[in-house]
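Working through the structure, step by step
If you want the building blocks of each chain, they are given just below.
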Amino acid sequence: MSGNEIHNKLIAELCDAWEALNADLVEPLLADDLHYSSWWLMKETHTKDEYLDYLRGRFQSIRKSGDPLIVKMGVNRIDGEYAVAIQQGDGMPALIRIVEKNGKIKEMWMQAAE
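These remarks concern the structure in this document. None of these values were measured; they are calculated from a predicted model. (Residues numbered from 1 in each chain as written. Predicted model: local features only at pLDDT ≥ 70, side-chain atom pairs only at ≥ 80, totals over all residues. Heavy atoms only, no water.)

1. Quick word on the nonpolar core
Condition: Note on terminology: a nonpolar core comprises buried Ala, Val, Leu, Ile, Met, Phe, Trp, Tyr and Cys residues joined through side-chain atoms within 4.5 Å. For every residue, the accessible area (1.4 Å probe, protein chains only) is compared with the maximum for its type, and the residue is labelled buried under 20%, exposed over 50%, or partly exposed between those bounds. What counts as a helix is a DSSP run of H or I of at least four residues, what counts as a strand is a run of E of at least two, and both are numbered from the N terminus. The contact definition used throughout considers only heavy atoms, calling two residues in contact when any of these lie within 4.5 Å.
The biggest cluster of nonpolar side chains holds 27 residues, and the ones touching the most others in it are L14, W18, Y51, I105 and M108. Counting only elements with at least two residues in this core, the list comes to α1 (3-20), β1 (30-38), α2 (48-65), β3 (82-88), β4 (94-101) and β5 (104-112). Of all the elements, α1 adds the most residues to this core, at 6 residues. Each residue touching Y51, except ones within four places of it in the same chain, is listed here: W18, V26, L30, L34, Y36, T45 and M108.

2. Thoughts on α1
Note the following rule: Multiplying 1.5 Å by the helix residue count minus one yields the expected span of that helix. Along the arc lie the directions from the helix axis toward the C-beta atoms.
End to end, α1 covers 26 Å across 18 residues, agreeing with the expected 26 Å (1.5 Å per residue, within 8%). Looking only at α1, the buried set comprises H7, L10, I11, L14, C15, A17 and W18. When α1 is viewed along its axis, its buried side chains cluster within an angular range of 165° and face the same direction. In this fold, the buried residues of α1 make contact with α2, β2 (69-75), β3, β4 and β5. Downstream of α1 by one or two residues, L21 has phi in the positive range, about 50°.

3. Thoughts on α2
An α-helix turns once every 3.6 residues. As a result, residues three or four positions apart point the same way. Here α2 is 18 residues long and its end C-alpha atoms lie 26 Å apart, about the 26 Å a rise of 1.5 Å per residue gives. Within α2, burial applies to K48, Y51, L52, L55, F59 and I62. Taken around the axis of α2, the buried residues stretch over an arc of 95°, which confines them to a single face. Facing away from the buried surface of α2 by more than 90 degrees, the exposed residues are D49, D53 and K64. On its buried face, α2 sits against α1, β1, β2, β3 and β5. Looking one or two residues past α2, G66 carries a phi angle of roughly 75°, positive in sign.

4. Details of the environment of L10
Considering the arrangement of structural elements, one finds L10 in helix α1. Judged by relative accessible area, which is 4%, L10 ranks as buried. Each C-alpha atom, one on L10 and one on D49, is 18 Å from the other, the two residues being 39 residues apart in sequence. Ignoring sequence-local partners within four residues, the contact set of L10 consists of L29, I98, E100, G103, K104 and I105.

What follows is the structure, given as structure tokens:
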């Protein structure tokens, strides 16, 4: 499988996890030393476990809010890479972007959709 195919497969699996709001589906995709950042968080995470703790809380908040969640596989207009496109309720659309290394997500960040 090529690098782009691996990248796109990881994005598709992230979409599935976000649609299901299930952090357990994300865990096998992540490198142990994952680095995660978000335009909306003041703290970055530097391990898979830190990120999964954050994500479980995030998914719980989404469920409690009752806001509809739209999750799609999208494309970043700037570089053409696939990303997870998310919009919760009337909130700002966001993209989750990744860097893959050895078949795992090494870096991930959430940014405003462009």
